[in-house]
Amino acid sequence: MSAAADAGIVVVGASLAGLRGAEALRRNGYAGRLTLIGNEPYRPYDRPPLSKHVLSGELAPDASELPQLVALDADWRLGHAAVGLDRVARTIRLADGAVLAYDRLLIATGAQARHWPAASGGALANIFTLRGRDDAARLRAALAQGPRRVLIVGAGLIGCEAASCCRDLGLPVTLLDPNPTPLARSLGTWIGGVIAECLKDSGVAFHPGARVLRFEGDASGRVVRADLADGRTIEADLVIVALGATRATDWLRDAGLMADAGGVTCDGACRVLAADGTTCPDIYAAGDVARWPNSLYGGRLVSVEHWGNAVAQGAHAARNMLAPAEDQHRYDHLPAFWSSQFGINIKAVGLSEGADSVAIVQGSRASRRFLAVYGRAGRSIAAVSFDQARWLPAYAEAIMAGSHHPPIRDASDQGRFATMEPGFPPPRAASHADEARHV
Amino acid sequence: MTHPTKTASSRTTPLRVVVDLNRCQGYAQCCYAAPGAFEVRGHEILFYDPAPPRARRGEIERAVQACPVRAISLQADDGETP
Ligand SMILES: Cc1cc2nc3c(=O)[nH]c(=O)nc-3n(C[C@H](O)[C@H](O)[C@H](O)COP(=O)(O)OP(=O)(O)OC[C@H]3O[C@@H](n4cnc5c(N)ncnc54)[C@H](O)[C@@H]3O)c2cc1C
Ligand code: SF4
């Protein structure tokens, strides 16, 4: 084979983590060749508006291209996926046959929506998933046709945001989830119950504890109903499958890395680990695709599928990529996300998984304006705000500091806050790392 | 292969704005500076136009400056034009 083109530092995945990583390389003084590879034919764009203002029709699907904050002077390879990594030859193969030699590599391929299997109706027309700009454009166009009923499968963040948008559009909506409340995995059922009330008030038919077995279509191959495990059927002519995402690591199958559908495993400095557990000194990962031991959570392997992590980890990995082996900074990250739905601004910090109690420390659950702190074994580990964002930074600091749970009231003679059972569903059988996901 | 096009920002390309909504505290200073591009809904949901027209650059720059937590990013004109 002829010599591969020298591509300098290569970033695979041209989205939020890849862009912010590339910018940080330049900001930290890297003046050599820089190549960004992305399988989508677009410059990096922002995904959060897709499940909010794009579905509601307020923003065009192509409105959210991300600002570039530094002149990148990069070679963009857009529209072709990376399909293979050869660590010995230090090359990346693209779907169009091109082979690029990298000097150092940043893996930022993110995640992809989990699709409904074709064997149980997933290939029928008018069944959608939502991850990228094209998905949002297709779904928006279908919603604008005025479906008789939208069925949303999965009441995570994206499922609930979509339900909220569909109600704003005046469309009848049914929302299904196997858990007792929406957002059960990210916030627990006690707080998730607040969103269940919002669903009810806004006219969404929410079926907790429901599992879809299969979708059925009409003669033209268009979805008409869902059959549930409990024998019920739900008529719907548009389905949104919002069952989360798997990490985009297929292209690394033969690369000999510690990578699977749950992510690429890194050390604490964002350096990728080989299958034998040794560190790859010139390969880093950041964003949704990365899984790393988070020292804020006792060195547990975590992956964080939220916007703030992609920004911070992209920049952090880039900084380490340019630093010598003895000057690698550890990536300590307090996960955070926001969501807006049913007119409420939800913001959270920390990893709530494994919480054994939760306490409201500002406002009240009944008013739907509150700040709640989650605890585990007497320490504060996470907090969520419903329209009380101004209080969140103080609790983020308390969590970083490992403060007591429940927190002490300002006036100490008032004692501690009352705690509740947070109500987290049991962990998924197959998961071996903690995940914070925007699904 | 897509090469970067380093043309001068044309009048038709919109500005590119993103707000770090983890940082944003919903205090709405940006909305006073650039009412056409930023809006607070409900108690504290910030809605903004990620692609405002170029004619609004002055307003948007004032919004960037007005934000007490520096949550707003705007692509510089000398940056690479996508
Ligand atoms: C609809 C939606 C709404 C969201 N809303 C919020 C929110 O409100 N708040 C929040 O905190 N977070 C939100 N998130 C999460 C946030 O957008 C993600 O955490 C963030 O996009 C992660 O960035 P990333 O660059 O790591 O991965 P991605 O954005 O997934 O980008 C990875 C890129 O790599 C490309 N790629 C994959 N494989 C290959 C390959 N083999 N070769 C080349 N390119 C490849 C992909 O096509 C993609 O362009 C939302 C996500 C979605 C999908
Ligand atoms: S000024 Fe800053 S903090 Fe205030 S609403 Fe605007 S972006 Fe948010």
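Residues numbered from 1 in each chain as written. Chains lettered and ligands numbered in written order. Predicted model: local features only at pLDDT ≥ 70, side-chain atom pairs only at ≥ 80, totals over all residues. Heavy atoms only, no water.

1. Points about the overall build of chain A
Phase 1 of the analysis: Looking only at helices and strands, chain A features 6 helices and 30 strands.
Phase 2 of the analysis: Expected size for 439 residues packed as a compact globule is a radius of gyration near 22 Å; at 22 Å, chain A falls within 12% of this value.
Phase 3 of the analysis: Across its three principal axes, chain A shows a C-alpha extent of roughly 70 × 65 × 40 Å.
Phase 4 of the analysis: In chain A, which comprises 439 residues, the proportion classed as buried is 59%.
Phase 5 of the analysis: A total of about 16,800 Å² of accessible surface is found on chain A, and carbon and sulfur atoms cover 50% of it.
Phase 6 of the analysis: Here chain A holds 45 positive side-chain charges and 45 negative ones, and the gap between their average locations is 2 Å. (Helix = DSSP H or I, 4+ residues; strand = E, 2+ residues; numbered from the N terminus. Rg over C-alpha atoms; globule rule 2.2 N^0.38 Å. Buried < 20%, exposed > 50% of the residue type's maximum accessible area, 1.4 Å probe, protein only. Areas by Shrake-Rupley, 256 points an atom, 1.4 Å probe, with all protein chains shown as cover. Lys, Arg positive; Asp, Glu negative; His and termini not counted. Charge placed at Lys NZ, Arg CZ, Asp CG, Glu CD.)

2. Notes on the pattern of salt bridges
All names here are of chain A.
Phase 1 of the analysis: Applying the stated criterion across every chain, the model contains 27 salt bridges over all chains.
Phase 2 of the analysis: For the salt bridge of Glu161 with Lys52, the shortest nitrogen-to-oxygen distance reads 3.2 Å. Of this pair, Glu161 sits in helix α3 (residues 157-168) while Lys52 sits in the loop between β3 (34-38) and β4 (75-78), placing them 109 residues apart in sequence.
Phase 3 of the analysis: Of the residues examined, Lys52 reaches a relative accessible area of 7% and is grouped as buried.
Phase 4 of the analysis: Through salt bridges with shared partners, a single network forms among Glu197, Asp201, Arg365 and Arg368. (Salt bridge = Lys/Arg side-chain N within 4 Å of Asp/Glu carboxyl O.)

3. Side note on the site of ligand 1
Residue and element names in this part refer to chain A.
Phase 1 of the analysis: Around ligand 1, a shell composed of 31 residues is seen, among which Asn39, Glu40, Arg47, Lys52 and Arg131 lie nearest.
Phase 2 of the analysis: At 2.6 Å, a side-chain N or O of Arg47 approaches an oxygen atom of ligand 1.
Phase 3 of the analysis: Within the backbone of His306, an N or O atom sits 3.3 Å from an oxygen atom of ligand 1.
Phase 4 of the analysis: Protein chains bury 96% of the 1,000 Å² of accessible surface belonging to ligand 1 in isolation.
Phase 5 of the analysis: A class-by-class count of the residues in the shell around ligand 1 yields 15 nonpolar, 10 polar and 6 charged. (Near = heavy atom within 4 Å. Polar contact = N/O pair within 3.5 Å; in protein donor to acceptor, adjacent residues only side chain to side chain. Nonpolar A, V, L, I, M, F, W, Y, C, P; charged D, E, K, R; others polar.)

4. Description of the interface of chain A and chain B
Phase 1 of the analysis: Between chain A and chain B, the residue contacts involve 39 residues of the former and 32 residues of the latter.
Phase 2 of the analysis: Here chain A meets chain B over a buried area of about 2,900 Å², counting both sides, of which 53% is carbon and sulfur.
Phase 3 of the analysis: Between the two partners, chain A and chain B, sit 2 salt bridges.
Phase 4 of the analysis: Across the chain A-chain B interface, the total number found is 10 residue pairs in polar contact (both at pLDDT 80 or more).
Phase 5 of the analysis: Only β4, α5 (307-321), β25 (336-341) and β26 (344-350) of chain A provide two or more residues apiece to the side of chain A that touches chain B. (Contact = heavy atoms within 4.5 Å. Buried area = accessible area lost by both parts, 1.4 Å probe.)

5. Some remarks on the nonpolar core
Phase 1 of the analysis: Core analysis: the biggest nonpolar cluster contains 149 residues, and Leu34, Leu85, Ile92, Ile107 and Phe386 of chain A together with Phe38 of chain B have the highest contact counts within it.
Phase 2 of the analysis: Leave out the neighbours within four places in its chain, and Leu34 of chain A touches Ala7, Ile9, Val11, Ala22, Leu25, Arg26, Leu72, Ala74 and Asp75 of chain A.
Phase 3 of the analysis: Among the nonpolar cores identified, the runner-up in size contains 16 residues, and Leu176, Phe215, Ala226 and Val239 of chain A belong to it. (Core = buried A, V, L, I, M, F, W, Y, C linked by side-chain atoms within 4.5 Å.)

6. Observations regarding the packing of helix α1 (residues 16-27) of chain A against α5 of chain A
Residue and element names in this part refer to chain A.
Phase 1 of the analysis: Two numbers describe how α1 lies on α5: the axes approach to 7 Å, and their chain directions differ by 35°. In terms of crossing hand, the pair formed by α1 and α5 is right-handed. Facing α1, whose interface residues are Leu16, Ala17, Arg20, Gly21, Ala24 and Leu25, α5 presents Trp307, Ala310, Val311, Gly314, Ala315, Ala318 and Met321.
Phase 2 of the analysis: Partitioned by chemical class, the residues of the contact of α1 with α5 number 10 nonpolar, 2 polar and 1 charged. (Axes fitted to C-alpha atoms, helices over the stretch in contact; angles between N-to-C directions. Left-handed = near helix turned anticlockwise from the far one by under 90°.)

7. A word on empty space enclosed by the protein
Phase 1 of the analysis: Under the counting rule described, the total for this entry stands at 3 cavities of 30 Å³ or more.
Phase 2 of the analysis: For the largest cavity, the lining is made up of 21 residues, of which His53 and Trp338 of chain A together with Leu21, Leu46 and Tyr48 of chain B are closest to its centre.
Phase 3 of the analysis: Elements supplying a minimum of two residues to the lining of the largest cavity: β25 and β26 of chain A together with β3 (45-48) of chain B.
Phase 4 of the analysis: When residues in the lining of the largest cavity are grouped by element, the largest group, 3 residues, is from β3 of chain B.
Phase 5 of the analysis: For the lining of the largest cavity, the per-class residue count stands at 12 nonpolar, 5 polar and 4 charged.
Phase 6 of the analysis: Both domains that meet at the lining of the largest cavity, namely domain 1 (3-112 + 246-327) and domain 3 (343-420) of chain A, each give it at least three residues. (1 Å grid on protein atoms, 1.4 Å probe; cavity = no way out; pocket = protein on both sides within 12 Å on 5 of 7 lines; lining within 4 Å. Points joined across faces, edges and corners; volume = space filled by probe spheres on them. Domains from an automatic or database assignment.)

8. Focus: the domain arrangement of chain A
Residues and elements named next belong to chain A.
Phase 1 of the analysis: The domain boundaries assigned to chain A delineate domain 1 (3-112 + 246-327), domain 2 (118-243) and domain 3 (343-420).
Phase 2 of the analysis: Here the C-alpha centre of domain 2 lies 31 Å away from the C-alpha centre of domain 1.
Phase 3 of the analysis: Every contact between the two is made by 19 residues of domain 1 and, on the other side, 16 residues of domain 2.
Phase 4 of the analysis: For the pair domain 1 and domain 2, the summed buried surface comes to about 1,500 Å²; carbon and sulfur atoms form 60% of the total.
Phase 5 of the analysis: The three residues of domain 1 that bury the most area against domain 2 are Tyr42, Ser51 and Leu55, which together make up 37% of that side's buried surface.
Phase 6 of the analysis: Of the charged contacts, one joins Asp288 and Arg131 as a salt bridge, the two residues approaching to 2.8 Å between their closest N and O atoms.

9. A look at the environment of Asp332 of chain A
Residues and elements named next belong to chain A.
Phase 1 of the analysis: Among the secondary structure elements, Asp332 is positioned in the loop between α5 and β25.
Phase 2 of the analysis: Here Asp332 falls in the partly exposed class, since its relative accessible area comes to 35%.
Phase 3 of the analysis: The spatial distance from the C-alpha of Asp332 to the C-alpha of Gln313 is 9.4 Å, given a sequence separation of 19 residues.
Phase 4 of the analysis: Not counting chain neighbours up to four residues away, the residues in contact with Asp332 comprise Asn294, Ser295 and Leu296.
Phase 5 of the analysis: Here the side chain of Asp332 touches Ser295 through a polar contact of 2.4 Å, side chain to side chain.
Phase 6 of the analysis: Of note is the side chain of Asp332, whose polar atom sits 3.0 Å from the side chain of Arg330.

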